[in-house]
Amino acid sequence: MLRFEIKHSCGKARRGTLTTSHSTIETPVFMPVGTQATVKTATPEEVWQTGSRILLANTYHLYLRPGHELVKKAGGLHRFMNWPGSILTDSGGFQVFSLGPMRKISDEGVLFRSHLDGSKHMFTPESVMEVEMALGADIAMCFDECAPFPADYQDVQKAAYRTYDWAKRCKEVHHHDYQSLFGIVQGGTFADLRKMNAEQICGLDFPGFGIGGLSVGEPKEKMYEILEVLDPLMPKEKPRYLMGVGSPDCLVEGVKLGVDMFDCVLPTRIARNGTVFHPTGKLVLRNAEYAEDFRPIDDTCSCYACRNYSRAYIRHLLKAGEVLGIRLTTIHNLHFLQNLMANIRDAIEKDAFDVFYRNFFSQYKF
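A brief structural summary. (Residues numbered from 1 in each chain as written. Predicted model: local features only at pLDDT ≥ 70, side-chain atom pairs only at ≥ 80, totals over all residues. Heavy atoms only, no water.)

Let's talk about the nonpolar core
Nonpolar side chains tend to gather and get buried jointly when the protein is soluble and globular.
Thinking step 1. Ranked by internal contacts, the top residues of the largest apolar core, which has 61 residues, are Leu242, Val252, Phe262, Ile344 and Phe353.
Thinking step 2. When residues in this core are grouped by element, the largest group, seven residues, is from helix α14 (residues 323–349).
Thinking step 3. Here Ile344 is in contact with Pro28, Val252, Val255, Phe353 and Phe356, once residues within four sequence places are set aside. (Core = buried A, V, L, I, M, F, W, Y, C linked by side-chain atoms within 4.5 Å. Buried < 20%, exposed > 50% of the residue type's maximum accessible area, 1.4 Å probe, protein only. Helix = DSSP H or I, 4+ residues; strand = E, 2+ residues; numbered from the N terminus. Contact = heavy atoms within 4.5 Å.)

Right under this line is the structure:
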């Protein structure tokens, strides 16, 4: 169902391939987020042209609308959204826990109210597996409890124990012809809890592992410390997925610390605000300084937006509220990250990742 092969390494950085029944994915990889079975403002064909070969979709949102049974009738997510590559579905755990007073957690699961209409629903490890199997993604994530930051030690410890218990329940009921189930390591920013939970979750022998509960408000340096702690504890031969991380600097740092997979809404979200990635940092194209700037966003970029349009034109579209503006910024940002990951892979293959790392941070300001 899923095959992961490490072809080269440079320090802790790993270069490999992840093969599912729908595509072979070059790793390390960034996965664009298609929360509701679409990457906002871009067609699947346009996303494919950016170099993306795997997308993430959200179990919570698709369960509420249009419903997992409807997606199943359509032939699964791949057919429903016309995406030829691979798909990963998160468990919806982060979304449920972010509902705050609209949800109640117990050892059984999470009782919550829909953000759409206030209706009551219950997510358990068993029911989430039912939803994810119906959606039919290539990779499904276990239902876990994501503790917020900051949180008391006892609360994070309880969430880690619960995540382990729920992972066992998920694995017991999960069965699918081609879908693989990944476990998730929790433990917040407490090194001892991360070690404990990593030993528990990795002991369940999933084909891959998510690292959850990071990029939730803690300083980046703390995230990197936790990745350092986890590196020797997680199986070397299996993919590691740092959940919810997608800024260029964090991608480079994450790869340096042994991560193979990333996802985040960041590139598409900031694109809708008129912000784009550039080798020197972010550009806010709405700013007046670009009103008469007839250069492309990035003259080293080969994306559709940079090949055809200027900063001045895209700024005009954004200021005028034209949808084409945010479509172009979205395409550029996705292409930028895919090109970044391709350059990272090339550097690892050439045993030159350290040189790449230094060169990247000598230019990129954040």
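Describing the pattern of salt bridges
Thinking step 1. Applying the stated criterion across every chain yields a total of 18 salt bridges.
Thinking step 2. With its nearest N and O atoms 2.6 Å apart, the salt bridge here joins Lys220 to Asp249. With a gap of 29 residues between them, Lys220 in helix α9 (residues 220–230) and Asp249 in helix α10 (residues 248–256) connect regions that are remote in the sequence.
Thinking step 3. On the basis of relative accessibility, which here comes to 30%, the residue Lys220 falls in the partly exposed class.
Thinking step 4. Salt-bridge contacts for Asp293 lead to Arg311; the nearest nitrogen and oxygen are separated by 3.0 Å. Taken as a pair, Asp293 in the loop between β16 (281–284) and α12 (304–308) and Arg311 in helix α13 (residues 311–320) lie far apart in primary sequence, 18 residues in all.
Thinking step 5. Judged by its relative accessible area of 10%, Asp293 is buried.
Thinking step 6. Accessibility expressed as a relative area gives 7% for Arg311, which makes it buried.
Thinking step 7. Each of the salt bridges in this network shares a partner with another, and the network as a whole consists of Glu108, Glu126, Asp165 and Arg169. (Salt bridge = Lys/Arg side-chain N within 4 Å of Asp/Glu carboxyl O.)

Digging into the sheet that holds strand β5 (residues 54–58)
Working definition: the strands of a sheet are paired by backbone hydrogen bonds and lie parallel or antiparallel to each other.
Thinking step 1. The eight strands lie next to each other as β4-β14-β13-β12-β11-β10-β6-β5, forming an open sheet whose pairing is parallel. Among the strands making up the open sheet, the edge pair consists of β4 (29–32) and β5. Neighbour-to-neighbour, the strand axes of the sheet open up by a mean angle of 25°, direction not taken into account.
Thinking step 2. Both strand β12 (residues 209–211) and strand β13 (residues 240–242) contribute to a ladder of three bridges, which runs parallel. By the bridge assignment for β13, Gly210 is matched with Tyr241. (Pairing = 2+ DSSP bridges. Axes fitted to C-alpha atoms, helices over the stretch in contact; angles between N-to-C directions.)

Quick word on unusual backbone geometry
Thinking step 1. A cis amide bond, omega 5°, links Thr27 with the succeeding residue Pro28.
Thinking step 2. Structurally, Pro28 is set in the loop between β3 (24–27) and β4.
Thinking step 3. Even without a glycine there, the phi angle at Ser215 is positive, about 55°.
Thinking step 4. Along the chain, Ser215 falls in the loop between β12 and α9.
Thinking step 5. Judged by relative accessible area, which is 40%, Ser215 ranks as partly exposed.

Examining the sheet that holds strand β7 (residues 103–105)
Thinking step 1. Read from one edge of the open sheet, three strands run β7-β8-β9, paired in antiparallel fashion. Each end of this open sheet is capped by a strand with a single partner; those strands are β7 and β9 (120–123). Averaged over all pairs of adjacent strands, the angle between their axes in this sheet comes to 15°, without regard to strand direction.

Considerations on the environment of Phe209
Thinking step 1. Within the secondary structure, Phe209 is located in strand β12.
Thinking step 2. Take Phe209: its relative accessible area is 1%, and that puts it in the buried class.
Thinking step 3. Phe209 sits 27 residues away from Phe182 along the chain, and the two C-alpha atoms are 5.1 Å apart.
Thinking step 4. Those residues in contact with Phe209 that sit more than four places away from it in its chain are Phe182, Gly183, Ile201, Cys202, Met234, Pro235, Lys238, Pro239, Arg240 and Tyr241.

Remarks on the packing of helix α7 (residues 153–173) against helix α8 (residues 191–202)
Thinking step 1. Relative orientation of the contacting elements α7 and α8 amounts to 5°, with a least axis distance of 10 Å. The angle between the axes of α7 and α8 places the two elements in the roughly parallel class. Across the interface between the two elements, Tyr153, Val156, Gln157, Ala160, Tyr161, Thr163, Tyr164 and Ala167 of α7 pack against Asp192, Leu193, Met196, Asn197, Gln200 and Ile201 of α8.
Thinking step 2. Looking at the contact of α7 with α8 residue by residue, the class counts come to nine nonpolar, four polar and one charged. (Parallel < 35°, antiparallel > 145°, perpendicular 65-115°, else oblique. Nonpolar A, V, L, I, M, F, W, Y, C, P; charged D, E, K, R; others polar.)

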